[in-house]
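This is what each chain is made of:
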Amino acid sequence: QKEVEQNSGPLSVPEGAIASLNCTYSDRGSQSFFWYRQYSGKSPELIMSIYSNGDKEDGRFTAQLNKASQYVSLLIRDSQPSDSATYLCAVPRTGKLIFGQGTTLQVKP
Amino acid sequence: DARVTQTPRDKVTEMGQEVTMRCQPILGHNTVFWYRQTMKQGLELLAYFRNRAPLDDSGMPKDRFSAEMPDATLATLKIQPSEPRDSAVYFCASGLGGGDTEAFFGQGTRLTVV
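Criteria and thresholds
Residues numbered from 1 in each chain as written. Chains lettered and ligands numbered in written order. Predicted model: local features only at pLDDT ≥ 70, side-chain atom pairs only at ≥ 80, totals over all residues. Heavy atoms only, no water. Phe/Tyr/Trp six-rings, centres within 6.5 Å; stacked < 30°, edge-to-face > 60°. Helix = DSSP H or I, 4+ residues; strand = E, 2+ residues; numbered from the N terminus. Buried < 20%, exposed > 50% of the residue type's maximum accessible area, 1.4 Å probe, protein only. Contact = heavy atoms within 4.5 Å. Buried area = accessible area lost by both parts, 1.4 Å probe. Salt bridge = Lys/Arg side-chain N within 4 Å of Asp/Glu carboxyl O. Polar contact = N/O pair within 3.5 Å; in protein donor to acceptor, adjacent residues only side chain to side chain. Nonpolar A, V, L, I, M, F, W, Y, C, P; charged D, E, K, R; others polar. Pairing = 2+ DSSP bridges. Disulfide = S-S within 2.5 Å.

Student: Before we go on, may I ask you to explain the packing of aromatic side chains in this structure?
Tutor: By convention here, two paired aromatic rings are described through the distance between centres and the angle between planes. Considering all chains together, one arrives at ten aromatic pairs over all chains under this definition. A ring pair is formed by Phe99(A) and Tyr35(B), whose centres lie 5.4 Å apart and whose planes are at 90 degrees; its orientation type is edge-to-face. Of this pair, Phe99(A) sits in strand S10 (residues 96-99) while Tyr35(B) sits in strand S4 (residues 31-38), which puts the two residues in different chains. Neither Phe99(A) nor Tyr35(B) differs from the other in exposure class; each is buried. The rings of Tyr36(A), Phe99(A), Phe33(B), Tyr35(B), Tyr48(B), Phe91(B) and Phe105(B) are connected pair by pair, giving a single aromatic cluster.

Have a look at this one:
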């Protein structure tokens, strides 16, 4: 089992819809969780951090954490074509930041 | 302007040559990560430093890769000799804290070994 797992996609949604991206992790002791966005040919950019169970909202983005089930998700409301990118889930483990393979999101006009 | 700076942005080299990539972390950050990204493997952690000390380089091929942090403002990743399979984008990222904090990425070095 990989330490951090994501469906590689692509996930295709129409403009204005809600995009739901999921990530599962193996280490029950993990306390911090991060979502990065990476546009093609660019570097990963931190967009959300979440540390406690429940939801955290930032504009059109909501991160959801369920430690008991060991998953973290990212919801993007009112998806825009500019949201088309690869979304990477990252979980620290013993000081190292471990990334999932990323989910490619395509938002179609 | 607080950001991680990597040089060079692009590097094309012949097989067998030495390659050196440099990274200037965000001022004040005490943790530096080196990652390699390929389509097949995604983002792989090669090595990381905290307070300039190497903590883990288990992701690096030891026979040809080396990572150092000669001072708090400079981290280097060297490949000698380079091979075509080393072709990838190499990212440096820096962070602040004891290991549970986020990291901020540089723009990357795109390495092509021919």
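Student: It is not clear to me how the interface of chain A and chain B should be interpreted in this structure. Could you clarify?
Tutor: Interfaces are often described in size by the accessible area the parts lose on coming together. With 20 residues of chain A at the contact, the number on the chain B side is 22 residues. Three residues stand out in chain A for area buried against chain B, namely Gly95(A), Lys96(A) and Leu97(A), and they jointly supply 28% of the buried area on that side. On the surface where chain A and chain B come into contact, there are one salt bridge. Of the charged contacts in the structure, one is a salt bridge between Asp56(B) and Lys96(A), with a shortest N-O distance of 3.1 Å. Counting every contact that joins chain A to chain B gives seven residue pairs in polar contact (both at pLDDT 80 or more). When contributions to the side of chain A that touches chain B are tallied by element, the ones reaching two or more residues are strand S4 (33-38), strand S5 (45-50), strand S9 (85-93) and S10 of chain A. Split by residue class, the side of chain A that touches chain B holds nine nonpolar, nine polar and two charged.

Student: Explanation requested: the pairing of strand S11 (residues 109-113) of chain B in the structure shown.
Tutor: Side chains on a regular strand alternate between the two faces of the sheet. Residue and element names in this part refer to chain B. Side chains of S11 alternate between two faces, with Thr 109, Leu 111 and Val 113 buried and Arg 110 and Thr 112 left unburied. Two elements, strand S2 (residues 10-13) and S11, share four bridges in a ladder whose sense is parallel. Bridging from a neighbouring strand, Val 12 pairs with Thr 112 of S11.

Student: Sorry, what's going on with the state of the cysteines here?
Tutor: By definition, a disulfide links the sulfur atoms of two cysteines through a covalent bond. Residue and element names in this part refer to chain B. Scanning the entire structure with this criterion turns up two disulfides over all chains. The disulfide partner of Cys 23 is Cys 92, and the gap between their sulfur atoms is 1.9 Å. In this structure the cystine formed by Cys 23 and Cys 92 twists about its S-S bond by roughly -55 degrees; its chirality is therefore left-handed. Of this pair, Cys 23 sits in strand S3 (residues 19-24) while Cys 92 sits in strand S9 (residues 88-95), and the two are 69 residues apart along the sequence. Cys 92 carries the same exposure label as Cys 23, and that label is buried.

Bear in mind that shape data such as this cannot, by itself, settle questions of function.
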